Amino acid sequence: FWAICDGPAEMMALYGGPLIVVNAWLVVYTWLQHTDTDVPHFTDDDHNFVKGAFHTIDRPYDKLDPWGVIDFLHHKIGTTHVAHHFDSTIPHYKAQVATDAIIEAFPDIYLYDPTPIPEALWRVCKGCASVEKRGDYFVWNNKDVDEKLLKVE
């Protein structure tokens, strides 16, 4: 009814545009939490819940959110995502405590990448285009990608 009364342009500007932006952001950020140039993929026979949880990446908003407002409004979904994969019933207000416990118990295998989101997105876009089997795992076939594109300084 709104689009009929006020026109589809106004409806898209006030509803459709923000919806597209928010959904695009969620897709990009979710992709970055589950993908990186050195994170392997597992076959159905080799995958388990714990491997999946430990191959998820916590990524802060960093320079996009210098005061922590976005992280707060998003219930720290970026910086406590690994904990979510350990137990998705943990409420958002306890996720930081769970993340701290994971870091303390498993410091060598906890994945955290402080790379700014635009740079991480560029690295993942360039280095995560196809997988190949190496041993028991599927890894990103990024050997033809210029090393400068895979490293962020």
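Residues numbered from 1 in each chain as written. Predicted model: local features only at pLDDT ≥ 70, side-chain atom pairs only at ≥ 80, totals over all residues. Heavy atoms only, no water.

**As for the overall build of the protein**
Thought 1: In terms of helices and strands, the protein carries eight helices and two strands.
Thought 2: The secondary structure elements of the protein, listed N-terminal to C-terminal, are α-α-α-α-α-α-α-β-β-α.
Thought 3: In terms of its C-alpha atoms, the protein occupies a principal-axis envelope of roughly 60 × 40 × 35 Å.
Thought 4: Across the 153 residues of the protein, 30% fall into the buried class.
Thought 5: Contacts in the protein between residues far apart in sequence, at least 24 positions, make up 58% of those at least 6 positions apart.
Thought 6: Here the protein has roughly 10100 Å² of accessible surface; of this, 63% comes from carbon and sulfur atoms.
Thought 7: Averaged over its 12 positive side-chain charges, the protein has a centre that lies 5 Å from the centre of its 23 negative ones. (Helix = DSSP H or I, 4+ residues; strand = E, 2+ residues; numbered from the N terminus. Buried < 20%, exposed > 50% of the residue type's maximum accessible area, 1.4 Å probe, protein only. Contact = heavy atoms within 4.5 Å. Areas by Shrake-Rupley, 256 points an atom, 1.4 Å probe, with all protein chains shown as cover. Lys, Arg positive; Asp, Glu negative; His and termini not counted. Charge placed at Lys NZ, Arg CZ, Asp CG, Glu CD.)

**Topic: the packing of aromatic side chains**
How two aromatic rings sit relative to each other is given by the distance of their centres and the angle of their planes.
Thought 1: Enumeration over the complete set of coordinates arrives at six aromatic pairs.
Thought 2: Plain terms: the ring middles of W25 and Y29 are 5.2 Å apart, the flat faces sit at 20° to each other, and that makes the pair stacked. Residue W25 and its partner Y29 are both found in helix α2 (residues 8–34); the two are separated by four residues, about one turn of the helix.
Thought 3: On the basis of relative accessible area, W25 is assigned to the partly exposed category, the value being 25%.
Thought 4: Judged by relative accessible area, which is 4%, Y29 ranks as buried.
Thought 5: Measuring from centroid to centroid gives 4.8 Å for Y29 and Y61, while their planes differ by 5°, and the two rings are stacked. In this pair, Y29 is assigned in helix α2 and Y61 in the loop between α3 (49–54) and α4 (69–73), connecting sequence segments 32 residues apart.
Thought 6: Residue classification places Y61 among the buried residues on the basis of a relative accessible area of 2%.
Thought 7: An aromatic cluster is present here, built from W25, Y29 and Y61 joined pairwise through their rings. (Phe/Tyr/Trp six-rings, centres within 6.5 Å; stacked < 30°, edge-to-face > 60°.)

**Quick look at a nonpolar patch on the surface**
Thought 1: Together, W2, L14, Y15 and L19 make up a nonpolar patch on the protein surface, roughly 410 Å² of accessible area in all.
Thought 2: Top contributing element to the nonpolar patch by residue count: α2, with three residues.
Thought 3: By secondary structure assignment, the location of L19 is in helix α2.
Thought 4: A relative accessible area of 40% means that L19 is categorised as partly exposed. (Patch = residues over 30% accessible without salt bridge, like charges linked within 9 Å, V, L, I, M, F, W, Y side chains within 5 Å. Salt bridge = Lys/Arg side-chain N within 4 Å of Asp/Glu carboxyl O.)

**Regarding the state of the cysteines**
Thought 1: Per the counting criterion, the structure on display carries zero disulfides.
Thought 2: No disulfide involves C125; its nearest neighbouring cysteine sulfur is the one of C128, lying 8.5 Å away. (Disulfide = S-S within 2.5 Å.)

**Quick word on the pattern of salt bridges**
Thought 1: Tallying each qualifying case throughout the model produces six salt bridges.
Thought 2: Measuring nitrogen to oxygen at the nearest pair gives 2.9 Å for the salt bridge that ties D46 to K51.
Thought 3: Ionic pairing is found between E132 and R134, a salt bridge with its closest N-O pair at 2.8 Å.
Thought 4: Residue R134 is classed as partly exposed on the basis of its relative accessible area, which comes to 42%.
Thought 5: One salt-bridge network, in which partners are shared between bridges, spans D36, R59, D113 and R123.

**Things to note about α2**
Thought 1: Counted at 1.5 Å a residue, the expected span for α2 with its 27 residues is 39 Å, and the 36 Å between its end C-alpha atoms agrees.
Thought 2: At G16, α2 shows its largest kink, close to 35°, and the proline P18 lies no more than four residues downstream.
Thought 3: Restricting attention to buried positions, one finds in α2 the residues G16, Y29, L32 and Q33. (Expected span 1.5 Å × (residues − 1). Bend = angle between axes of the 7 residues up to and from the residue.)

**A short note on the layout of surface pockets**
Thought 1: Estimated volume of the largest pocket: approximately 150 Å³.
Thought 2: A breakdown of the residues in the lining of the largest pocket according to their chemical character gives three nonpolar, seven polar and no charged. (1 Å grid on protein atoms, 1.4 Å probe; cavity = no way out; pocket = protein on both sides within 12 Å on 5 of 7 lines; lining within 4 Å. Points joined across faces, edges and corners; volume = space filled by probe spheres on them. Nonpolar A, V, L, I, M, F, W, Y, C, P; charged D, E, K, R; others polar.)

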